[in-house]
Amino acid sequence: MRIGIDVLELGELDRLQERSWFRRYTYTADELALAASFGAERAREFLAGRFAAKEAVLKVLGTGFGGGLAPRHISVVRDTRAAPLVRLADVAARRAAGIGVSDLALSIAHKGEYVVAVALGHESGGEEADGERAGTVTGMARAVLDEIAAREMSRNEQAE
């Protein structure tokens, strides 16, 4: 099991978000389209959350941006319940395969001017000798992250 966490103050990205090159470098077209469907403040919060999530995933992968790995190679989409899911492309997918990370779980939470993202990666490379235990740990982590995401979504809906 690998873990990554990132905490970000929303204002940290404000100047960068105004630059179109930064948005193209950082976010996928789908992420930008979804952000554009929100009001300005919600889009700001959404993009900051996605950035924090990508940073957390990078920590699971044990690398930073560079070596051909751009933030847009990590996409955060929504499952059927609107919980965040990670999709890796290109260099990020190859890095995950190379270190034996086969499954990623993600949670993003917002509070005031802060966003936190936690990513968990299951290593399929055999470091966990007891496969049954690995499945249990992954299942428990996913259940916890799903619950956190559901609560945050409920809070966000109530706030809107």
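Sequence order sets the numbering: in each chain, residues are counted from 1 along the sequence as written. Since the coordinates come from a predicted model, pLDDT governs what is reported: local features require at least 70, and pairs of side-chain atoms require 80 or more to be given and counted, while whole-chain, interface and lining totals use all residues. Computation of side-chain values: all heavy atoms of the structure, hydrogens and water removed.

Undergrad: So what about the overall build of the protein chain? Which residues, and what values?
TA: A tally of regular secondary structure across the protein chain gives six helices and five strands. Only runs of H or I of at least four residues qualify as helices and only runs of E of at least two qualify as strands under DSSP, and these elements are numbered from the N terminus. Counting from the amino terminus, the protein chain carries its helices and strands in the arrangement β-α-α-α-α-β-β-α-β-β-α. Residues counted as buried form 41% of the 160 residues belonging to the protein chain. Contacts are residue-level and defined by heavy atoms, with any inter-residue pair within 4.5 Å sufficient. Counted over contacts in the protein chain with a minimum sequence separation of 6, partners at least 24 positions apart contribute 61%. For the protein chain, the accessible surface area stands at approximately 8700 Å², while carbon and sulfur atoms represent 52% of it. Relative accessible area decides the class of each residue, using a 1.4 Å probe on protein chains only: under 20% of the type maximum gives buried, over 50% gives exposed, and in between gives partly exposed. Surface exposure here means Shrake-Rupley accessible area, sampled with a 1.4 Å probe, where a residue is shielded only by the protein chains that are shown.

Undergrad: Explain unusual backbone geometry to me, and be specific about the residues and the numbers.
TA: At Ala82, a position not held by glycine, the phi torsion is positive, near 75 degrees. Inspection of the secondary structure puts Ala82 in the loop between β2 (74-78) and β3 (84-88). Look at Ala82 and you get partly exposed, because its relative accessible area is 30%. Positive phi outside glycine occurs at Asp90, with the angle close to 50 degrees. In this fold, Asp90 is placed in helix α5 (residues 90-99).

Undergrad: Quick rundown of the pairing of β2? Include the residues and the values.
TA: On a regular strand, each side chain points to the face opposite its neighbour's, so the side chains alternate between the two faces of the sheet. Any two strands with at least two DSSP bridges between them are considered paired. Strand direction decides the pairing type here: β2 and β3, joined by five bridges, are antiparallel. In the strand pairing of β3, Ser75 is matched with Arg87. If you look at the hairpin formed by β2 and β3, you'll find five residues sitting between the two strands, and Ala82 has a positive phi there, around 75 degrees.

Undergrad: Kindly report on the confidence of the model for the protein chain, identifying the contributing residues and their values.
TA: Mean pLDDT over the protein chain works out to 84, with 81% of the residues at or above the 70 mark. When pLDDT is averaged over each helix and strand of the protein chain, the minimum, 61, is found for helix α6 (residues 131-159) and the maximum, 95, for helix α4 (residues 40-61). Per residue, pLDDT captures the predictor's confidence, and it can take any value from 0 to 100. Note that pLDDT drops below 50 for residues 126-136; the model gives that stretch three contacts with residues more than four away or on any other chain.

Undergrad: Talk me through the packing of aromatic side chains; I want residue IDs and the actual numbers.
TA: Note on aromatic pairs: the rings of Phe, Tyr and Trp (six-membered ring only in Trp) are paired at centre separations within 6.5 Å, and the planes decide the class, stacked below 30 degrees, edge-to-face beyond 60, tilted for the rest. Per the stated rule, a full pass over the model turns up three aromatic pairs. Ring centres 5.9 Å apart and planes at 90 degrees place the aromatic pair Trp21 and Phe22 in the edge-to-face group. Both rings, one in Phe38 and one in Phe46, keep their centres 5.3 Å apart while their planes meet at 65 degrees; by these two values the pair is edge-to-face. With relative accessibility at 23%, the residue Phe38 sits in the partly exposed group. Residue Phe46 is classed as buried on the basis of its relative accessible area, which comes to 2%. Across from the ring centre of Phe38, 5.0 Å away, lies the NZ or CZ of Arg42, which sits over that ring. Our definition puts a charge over a ring when NZ of Lys or CZ of Arg is within 6 Å of the ring centre and also within 35 degrees of the ring normal.

Undergrad: Provide a residue-level description of the sheet that holds strand β1 (residues 2-9), including the pertinent values.
TA: Taking strand neighbours across the sheet as the criterion, the three strands line up as β1-β5-β4 in an open arrangement whose pairing is antiparallel. Two strands in the sheet have a free side with no partner beyond their single neighbour: β1 and β4 (101-111). Neighbour-to-neighbour, the strand axes of the sheet open up by a mean angle of 15 degrees, direction not taken into account. Pairing between β1 and strand β5 (residues 114-123): eight bridges, direction antiparallel. Bridging from a neighbouring strand, Asp6 pairs with Ala117 of β5. Working convention: axes come from line fits to C-alpha atoms, limited for helices to the stretch in contact. Angles between N-to-C directions cover 0 to 180 degrees.

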